[in-house]
Amino acid sequence: MMNLFVILLSALLVNNFVLVRFLGICPFMGVSKQVDSAIGMGLATTFVMVVASAATWLIQWFLLEPFGLPFLQNMAFILVIASMVQLVEMFLHKTSPGLYRAMGIFLPLITTNCAILGLAIMTVQGNYTFIETVVFALGGGLGFTLALILLAGIREDLQFADIPKPLQGAGIAFIIAGLLSLAFSGFAGLV
């Protein structure tokens, strides 16, 4: 049980996919302008990470490895991730049209989010069990969500700040992302 907690904490804080491993930067910067859309994107990404990592673990250990097809790993993983994103997109379109519109192009871009593919490959390389894979994916998704919410909250507050013209918009967002990354590097010795 303690091992699962360490895996969760590691993926959430110590090896945060966005702020430490620098994966998933595109949606991180694109959807972090408002906290509401950041929460929605974070939860959608977390769902895709958990379901896709469980599915890719099963495909890797019950299909690719036994039949000597590990060279198909990337293609199989991308197909699973794309299917999960389509499911999330259809669900959000039906249940929350406002959130669906707020996420815009970044919702289908979850398919190409390197954090999700990176997570699936890391679980195979780390030789995680099925439960460890799901916990790692949950920690990674929650860490992604945490990073999005932190940046979105800061960016919302910065709308009222006096920022020099050249730094407004993406410039100050990248500076803040760098400072958040620096802060998260303080967790390095934790696990």
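Note that the structure is a prediction, hence the values are computed from the model and not measured.

(A) Quick peek at the nonpolar core. Counting residues in hydrophobic clusters, the biggest one holds 46 residues, and the most contacted among them are Phe28, Val48 and Ile110. Looking at this core, the elements that each hand over two or more residues are helix 1 (2-14), helix 2 (25-30), helix 3 (35-64), helix 4 (73-95), helix 6 (114-125), helix 7 (130-158) and helix 8 (170-184). A per-element tally of this core places helix 7 first, with eight residues. Contact partners of Ile110, with chain neighbours within four places excluded, come to Met41, Ala44, Thr45, Val48, Ile81, Val85 and Ile116. Among the nonpolar cores identified, the runner-up in size contains five residues, and Leu64, Phe77, Ala120 and Val124 belong to it.

(B) Here's a closer look at the environment of Ser37. Structurally, Ser37 is set in helix 3. Ser37 gets classed as buried once you look at its relative accessible area, which sits at 9%. The spacing of Ser37 and Ser53 is 16 residues in sequence and 24 Å in space, taken between C-alpha atoms. With sequence-adjacent residues up to four places away left out, Ser37 is seen in contact with Val31, Leu99, Ala102 and Met103.

(C) Up close: the confidence of the model for the protein chain. Confidence in the prediction of the protein chain, expressed as mean pLDDT, is 90, and 100% of residues score 70 or more. By mean pLDDT, helix 5 (residues 97-103) is the weakest element of the protein chain at 80, and helix 7 is the strongest at 95.

Criteria and cut-off values
Residues numbered from 1 in each chain as written. Predicted model: local features only at pLDDT ≥ 70, side-chain atom pairs only at ≥ 80, totals over all residues. Heavy atoms only, no water. Core = buried A, V, L, I, M, F, W, Y, C linked by side-chain atoms within 4.5 Å. Buried < 20%, exposed > 50% of the residue type's maximum accessible area, 1.4 Å probe, protein only. Helix = DSSP H or I, 4+ residues; strand = E, 2+ residues; numbered from the N terminus. Contact = heavy atoms within 4.5 Å. pLDDT = per-residue confidence, 0-100.

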